[in-house]
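# Commentary on secondary and tertiary structure
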Amino acid sequence: YTSSRLTTQGKQSFEYGRVDIRAALPKGQGLWPALWMLGESIATDGWPKCGEIDIMEMVGGSHGNIANKSVHGTIHWDAGHHASTGGSTTTTKKDLNTEFHVYTMVWEANSIRWLLDDRQYYAANISAAEMDEFRAKFFFIFNIAVGGNWPGSPDNTTEFPQKMHVDYIRMFQKK
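All of the points below concern the structure found in this document. Fair warning: this is a prediction, and the values are worked out from it, not measured in the lab.

### Some remarks on the overall build of the protein
Along the backbone of the protein there are 1 helix and 11 strands. Reading the secondary structure of the protein in the N-to-C direction produces β-β-β-α-β-β-β-β-β-β-β-β. Here the C-alpha radius of gyration of the protein, 16 Å, is about what a compact globule of 175 residues would show, namely 16 Å. For the protein, the spread of C-alpha atoms along the three principal axes comes to 45 × 30 × 30 Å.

Following this line, the structure appears as structure tokens:
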């Protein structure tokens, strides 16, 4: 199996703002689509010191009745060790692959908030000095990972090929 990714590294980066991404996700055991951001300093500082903002991750597969309906938003940083916080929500609508949904992240100097279809499901306070990673520029990464420790491996129920359909990406920033 192979995974795919699109990135804006070296092309476009952002600091603060609101991101709206309208997408329909792939479906199946072992699939791990993500819409996320890494700090521009990844080449010099490494991970997690550069910071990571997961706008949306979905763990596809056989996770009961919430499979392909749950979305996660998380941040990762270096607090002398890898630290993270995040939340998740489950849509009451159809699976995340059968219709488009809007994944939103609102990033301000002291907080990051996550929304699914305009409903907030998590907020993180990033005002602590140890979270300076989140007061710098980040670039986008969109990928579909296949396998991994979270979703596990694909199985005989996983259909290929898979696609992640992105209708739009809108970045709103104050000048």
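### As for the sheet that holds strand β10 (residues 138–146)
Reading across from one edge, β1-β10-β3-β4-β5-β6 is the order of the 6 strands in this open sheet, with antiparallel pairing throughout. Edge positions in the open sheet fall to β1 (4–7) and β6 (82–90), since each of these has one partner strand only. Mean inter-strand twist for the sheet, computed between neighbouring axes without regard to direction, equals 15 degrees. For strand β3 (residues 31–39) and β10, the ladder comprises 9 bridges, and the chain directions are antiparallel. Among the inter-strand pairings, L35 is bridged to a residue of β10, identified as F142.

### Quick look at the layout of surface pockets
Of the volumes computed, that of the largest pocket is approximately 180 Å³. Taken together, E15, Y16, G17, R18, V106, W107, E108, F172, Q173 and K174 make up the lining of the largest pocket. At the level of secondary structure, the elements contributing two or more residues to the lining of the largest pocket comprise β2 (17–24) and β7 (101–107). Taken together, the residues that form the lining of the largest pocket break down as 4 nonpolar, 2 polar and 4 charged.

### Focus: unusual backbone geometry
For the peptide bond that leads from W47 to P48, omega is 10 degrees, which places it in the cis range. Looking at the secondary structure, you find P48 in the loop between α1 (42–45) and β4 (52–57). Of note, the amide linkage connecting F160 to P161 takes the cis form, showing an omega dihedral of 0 degrees. Backbone geometry at D117 places phi at a positive 50 degrees, although glycine is not the residue there. Relative accessible area serves as the criterion here: at 26%, D117 is assigned to the partly exposed category. Backbone geometry places D118, a non-glycine residue, at a positive phi of 70 degrees. When you line up the elements, D118 lands in the loop between β8 (111–116) and β9 (119–125).

### Some words on the packing of aromatic side chains
Considering all chains together, one arrives at 8 aromatic pairs under this definition. The interplanar angle of 75 degrees and the centroid separation of 6.3 Å between the aromatic rings of W77 and F134 together place this pair among those described as edge-to-face. Of this pair, W77 sits in strand β5 (residues 70–78) while F134 sits in the loop between β9 and β10, placing them 57 residues apart in sequence. Each member of the pair, W77 as well as F134, is classed as buried. Between R170 and the ring centre of Y168, over which it is positioned, the NZ or CZ distance is 3.7 Å.

### So, the environment of N156
Position of N156 among the secondary structure elements: in the loop between β10 and β11 (165–172). A relative accessible area of 78% places N156 in the exposed class.

### A look at the sheet that holds β2
Overall, antiparallel pairing links the 5 strands, which are arranged β9-β8-β7-β2-β11 in an open sheet. Either end of the sheet is taken by a strand with one partner, and the two such strands are β9 and β11. Shown here is a sheet whose adjacent strand axes are inclined to one another by a mean of 15 degrees, direction ignored. Bridge count for β2 against β11 is 7 bridges, and the pairing is antiparallel. Residue pairing in the sheet places A24 in a bridge with H165 of β11.

What counts as what
Residues numbered from 1 in each chain as written. Predicted model: local features only at pLDDT ≥ 70, side-chain atom pairs only at ≥ 80, totals over all residues. Heavy atoms only, no water. Helix = DSSP H or I, 4+ residues; strand = E, 2+ residues; numbered from the N terminus. Rg over C-alpha atoms; globule rule 2.2 N^0.38 Å. Pairing = 2+ DSSP bridges. Axes fitted to C-alpha atoms, helices over the stretch in contact; angles between N-to-C directions. 1 Å grid on protein atoms, 1.4 Å probe; cavity = no way out; pocket = protein on both sides within 12 Å on 5 of 7 lines; lining within 4 Å. Points joined across faces, edges and corners; volume = space filled by probe spheres on them. Nonpolar A, V, L, I, M, F, W, Y, C, P; charged D, E, K, R; others polar. Buried < 20%, exposed > 50% of the residue type's maximum accessible area, 1.4 Å probe, protein only. Phe/Tyr/Trp six-rings, centres within 6.5 Å; stacked < 30°, edge-to-face > 60°. Lys NZ or Arg CZ within 6 Å of the ring centre and 35° of its normal.

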